[in-house]
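Survey of secondary and tertiary structure
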Amino acid sequence: MTHCVTLIPGDGIGPEVMIATRAVIDASEVDISWEIVEAGRKVIDEFGTPLPNYVIDSIKKNKVAIKGPITTPIGEGFRSVNVGLRQALNLYANVRPVKTYAGIKSRYDDVNLIIVRENTEDLYAGIEHSIGDVAAESIKIITRAASERIAEFAFKMARKEDRKRITVVHKANIMKLSDGLFLKCAKEVAERNKDIQFDDMIVDAMSMKLVQNPEKYDVILMPNLYGDILSDLCAGLVGGLGVVPGANIGDDVAVFEAVHGSAPDIAGKNIANPIASILSGVMMLRYLGEYEAADRIDIALAKVLEEGKVITSDLGGNAKTMEFAEEIIRNL
Ligand code: NAI
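Residues numbered from 1 in each chain as written. Predicted model: local features only at pLDDT ≥ 70, side-chain atom pairs only at ≥ 80, totals over all residues. Heavy atoms only, no water.

**Some details on the site of the ligand**
Every one of the 21 residues lining the ligand counts as a neighbour, but Ile70, Thr72, Gly261, Ala263 and Asp265 are closest to it. Residue Ile70 places a main-chain N or O atom 2.8 Å away from an oxygen atom belonging to the ligand. At 3.4 Å from a nitrogen atom of the ligand is found a side-chain nitrogen or oxygen belonging to His260. In isolation the ligand exposes 810 Å². Once the protein is present, 70% of that is buried. Of the residues that constitute the shell around the ligand, the class distribution is nine nonpolar, eight polar and four charged. (Near = heavy atom within 4 Å. Polar contact = N/O pair within 3.5 Å; in protein donor to acceptor, adjacent residues only side chain to side chain. Areas by Shrake-Rupley, 256 points an atom, 1.4 Å probe, with all protein chains shown as cover. Nonpolar A, V, L, I, M, F, W, Y, C, P; charged D, E, K, R; others polar.)

Below you can see the structure in the form of structure tokens.
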């Protein structure tokens, strides 16, 4: 069966890691027809927006997409394409597996957790205004509907992935109404899903505990902002942003992408680590039901890492992005 997949190369290191990802997926012999659509900086002049309608239309048609990172300028300018996409397609669950790979140097050797981040609201609702130049405010939106939906998703996913425990992270001691509602909804859903253990942790304490004993955590459920921040922290536990994949999941549409951004500091040098994108591709293959191809890539990647001869500079080697991808292909 041919799968039609939208591919967005993205900005910065995006095109480099996406070419590598596509080469590995194609080499696994899965039948994919790629529809390549551009978004981000390079289309702004022509379309007046980094997220033209054809991008959304293509993903709605194909139902599955994989994307490179897209730059969001700090301060004034366009809204984040990433946030825009997630909201336009109602991709409410952001799933980020974080695990230790033998061969990747890090301080821990047994991290294996999954972050489930609410993806549509919180401070990312984008409702901000200035009061002259003396003050500004951002509104944090937390709804019962979205909080229940993401908690239900986390329990369902935990069961499917044979996970034993969910920890919900919040700051309900200070934001009693907004984070309080997120926590309350998670607790209510936990009451209906007693086969999975459940606890909660305040976000500041969680940051410390993740650095001290990350191996103790299984599934971590978070509102949007804490999920964004702790995703990078967790990437740091297992070798950095170059190795952590992700998926944005909605009811019938999914967009796969690495946790990292467009990395302007290394863009154009062909030294970016493509592992995070390739593993996002592996998640996509499983979503498409292509388990055998996904397993083959996973095994080949683990072998390349264990051998440790061909690795990118962020992991201490000197391989170029495509050399790494070609080494995986040789091991498929
Ligand atoms: P970043 O993730 O792009 O980079 C942070 C650091 O990690 C940099 O030193 C970079 O060189 C390194 N790094 C990231 N990915 C790497 C890889 N694959 N291999 C080796 N090193 C890697 O974060 P930053 O600098 O905060 O953001 C840059 C731009 O990306 C911003 O415009 C931001 O808004 C955007 N961004 C986009 C995302 C997306 O499209 N989903 C996600 C995160 C940020």
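Additional details are given in the paragraphs that follow.
**Re the pattern of salt bridges**
Considering all chains together, one arrives at 22 salt bridges under this definition. Its salt-bridge partner being Arg159, residue Asp195 comes within 2.7 Å of it at the nearest N-O pair. Taken together, the residues span a long stretch of sequence, with Asp195 in the loop between helix 6 (178-191) and strand 9 (197-202) and Arg159 in helix 5 (residues 144-160) at a distance of 36 residues. A residue is classified by how much of its surface remains accessible, and Arg159, at 38% relative accessible area, is partly exposed. (Salt bridge = Lys/Arg side-chain N within 4 Å of Asp/Glu carboxyl O. Helix = DSSP H or I, 4+ residues; strand = E, 2+ residues; numbered from the N terminus. Buried < 20%, exposed > 50% of the residue type's maximum accessible area, 1.4 Å probe, protein only.)

**Examining the environment of Leu288**
Topologically, Leu288 is positioned in the loop between helix 9 (275-287) and helix 10 (291-307). Leu288 sits 285 residues away from His3 along the chain, and the two C-alpha atoms are 7.9 Å apart.

**Section: the packing of helix 1 (residues 14-27) against helix 9**
At a minimum axis separation of 9 Å, helix 1 and helix 9 run at an interaxial angle of 45°. In terms of orientation, helix 1 lies oblique with respect to helix 9. Considering only the axes of helix 1 and helix 9, their crossing is right-handed. Note on element contacts: helix 9 touches helix 1 through Ser277, Ile278, Gly281, Met284 and Leu285, opposite Val17, Met18, Thr21, Val24 and Ile25. Partitioned by chemical class, the residues of the contact of helix 1 with helix 9 number seven nonpolar, three polar and no charged. (Axes fitted to C-alpha atoms, helices over the stretch in contact; angles between N-to-C directions. Parallel < 35°, antiparallel > 145°, perpendicular 65-115°, else oblique. Left-handed = near helix turned anticlockwise from the far one by under 90°. Contact = heavy atoms within 4.5 Å.)

**Notes on the domain arrangement of the protein chain**
Annotation of the protein chain at the domain level lists domain 1 (1-97 + 241-332) and domain 2 (107-237). Put simply, the middle of domain 1 and the middle of domain 2, counted by C-alpha atoms, are 24 Å apart. Of the residues lining the interface, 17 residues belong to domain 1; the matching set on domain 2 comes to 20 residues. Between domain 1 and domain 2 the total buried area reaches about 1600 Å² when both faces are included, carbon and sulfur atoms providing 55% of it. Summed over the three residues of domain 1 that lose the most area to domain 2, namely Tyr92, Asn94 and Arg96, the buried surface amounts to 39% of that side. For the pair domain 1 and domain 2, the number of links is zero salt bridges. The interface formed by domain 1 and domain 2 holds ten residue pairs in polar contact (both at pLDDT 80 or more) in total. Elements supplying a minimum of two residues to the side of domain 1 that touches domain 2: helix 4 (81-88), strand 4 (93-99) and strand 11 (247-249). In terms of residues, the side of domain 1 that touches domain 2 owes the most to one element, strand 4, which gives five residues. (Domains from an automatic or database assignment. Buried area = accessible area lost by both parts, 1.4 Å probe.)

**Some points on helix 11 (residues 321-331)**
Regarding helix 11, the residues found buried are Thr321, Phe324, Ala325, Glu327, Ile328 and Asn331. The buried residues of helix 11 occupy an angular sector of 155° when the element is viewed end-on, so they sit on one face. The inward-facing, buried residues of helix 11 contact helix 1, helix 9 and helix 10. (Arc of directions from axis to C-beta.)

**Topic: the side chain of Asn82**
Along the chain, Asn82 falls in helix 4. Of the polar contacts made by the side chain of Asn82, one reaches the backbone oxygen of Ile70; its length is 3.4 Å. Setting aside residues up to four positions removed in sequence, Asn82 forms contacts with Lys67, Ile70, Thr72 and Glu257.

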